[in-house]
Amino acid sequence: MNTLLHASASLAIVLGLYLASGSGPPATSRRLLASAFLTIAALNLLTTLQFNVPAQPLLLLRPGLAVALPALLYLHVAVAGRPGQGLRPSDVLHIIGPCVAIALRQMPNMGGLLDVTIVLMNLFYLGLIGWVSRSTAGTMAHLGRKLTRLLDPWRRLVMLFLVTVIMIDLLIIYAYGIDGGVALSRWVFGLAGLLLTLGFTYLLLTGMHRRGPLAWVSSANRPYDPEADQLIERLESELLLGNMYLDPNLTLHRFARRVGLPMRDVSTAINECRNSNYNQWLNSFRIREAERILRAEPHRSMTDVMLASGFQNKSTFNAAFRAVNGGSPTEWRKKQPSDTGSAHSG
């Protein structure tokens, strides 16, 4: 248990520093998320301390940090949706919850009430995040379309994380209420440490490659340029014109020549607005065409589908298809409804 909690705490610190050292919008929101990761690190370290040195005075802070975590995640989400991307005077009210939790920790015979309070605060902030996510949907033009698109799934992941935290808290409350609960609680904390270690490793590795749930961080390192949005719309219109994307020899150099732009401008627009390189962007259009053919002509050979959608070799086709849909073209076709008449007519 200790090893897993220490590992997840170390990864949380690295992620916190990674977020805090970034630049660009949404700066305040990003720093609040960095604070949330550092709070998770502190909670994990205090949890190991609780089992090894239960009389440690620092443990008085643990309930306050447990309530501060969902508050920080809520503020992270809420601030990103504000046009000014800043904190408001009323946000200071969120310090009340942690202060109440710390006060309850110091009172005798308040353990049960404290546990319930922590769960209720997590539920409260989960509801707030859901509400603010829904109320700000489509109103984040100040961040640009690319950043808004990347932040939307991240907010859902934050909500999923809080749901997991609530479930773990309930398991811990149950464990302490039965015989042998201390041993069971160690298993629960160990499981939490394992999940956090795996999750944080994934976030860190994908984030460093500008992919995955934290792709918005690297995207935010550049200021929003409305001209880039206009340029990508022009590029995609040109690509769709005459089904240019079906040309298997359409390299970046050839495409740039056809649209009359420097290769660097084309590549930068694709990277900034679609968070992908030229080949990934081009293949996404080809995969859409492959999906259309597979729906309309389910008995057509996979080689014919590959060639008709602009690919020249099977390995590239399969890799591109898997990157978009999470499975091979054959697997994807098997999952489609047998009645393809409506898809064909569409």
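As a reminder, the structure under discussion sits directly above these lines.
### Considerations on the overall build of the protein chain
Scanning the protein chain from N- to C-terminus turns up 16 helices and zero strands. When each of the 346 residues of the protein chain is scored for burial, the buried share is 45%. For the protein chain, the share of sequence-separated contacts (at least 6 apart) that also reach a separation of at least 24 residues comes to 69%.

### Considering the layout of surface pockets
Computed from the structure, the second largest pocket encloses a volume of approximately 490 Å³. In this structure, the second largest pocket is lined by 18 residues; those nearest its centre are R211, R274, S276, Q280 and S284. Within the residue set of the lining of the second largest pocket, elements represented by two or more residues are α6 (145–176), α12 (278–296) and α14 (314–325). A breakdown of the residues in the lining of the second largest pocket according to their chemical character gives seven nonpolar, six polar and five charged.

### Description of unusual backbone geometry
Positive phi values are uncommon outside glycine, yet N109 reaches one of about 60°. The topology assignment puts N109 in the loop between α4 (96–106) and α5 (111–135). For N109, a relative accessible area of 81% puts it in the exposed group. Phi at N243 is positive, roughly 50°, even though this residue is not glycine. You can see N243 is positioned in the loop between α9 (226–240) and α10 (252–259).

### With respect to the nonpolar core
The biggest cluster of nonpolar side chains holds 50 residues, and the ones touching the most others in it are F37, F200 and L214. Those elements giving two or more residues to this core turn out to be α1 (2–20), α2 (27–52), α3 (62–80), α4, α5, α6, α7 (181–208) and α8 (215–219). Top element by residues in this core is α3. It accounts for twelve residues. In this structure F37 touches A12, L15, G16, L19, F200 and L203, once residues within four positions along its chain are discounted.

Thresholds applied
Residues numbered from 1 in each chain as written. Predicted model: local features only at pLDDT ≥ 70, side-chain atom pairs only at ≥ 80, totals over all residues. Heavy atoms only, no water. Helix = DSSP H or I, 4+ residues; strand = E, 2+ residues; numbered from the N terminus. Buried < 20%, exposed > 50% of the residue type's maximum accessible area, 1.4 Å probe, protein only. Contact = heavy atoms within 4.5 Å. 1 Å grid on protein atoms, 1.4 Å probe; cavity = no way out; pocket = protein on both sides within 12 Å on 5 of 7 lines; lining within 4 Å. Points joined across faces, edges and corners; volume = space filled by probe spheres on them. Nonpolar A, V, L, I, M, F, W, Y, C, P; charged D, E, K, R; others polar. Core = buried A, V, L, I, M, F, W, Y, C linked by side-chain atoms within 4.5 Å.

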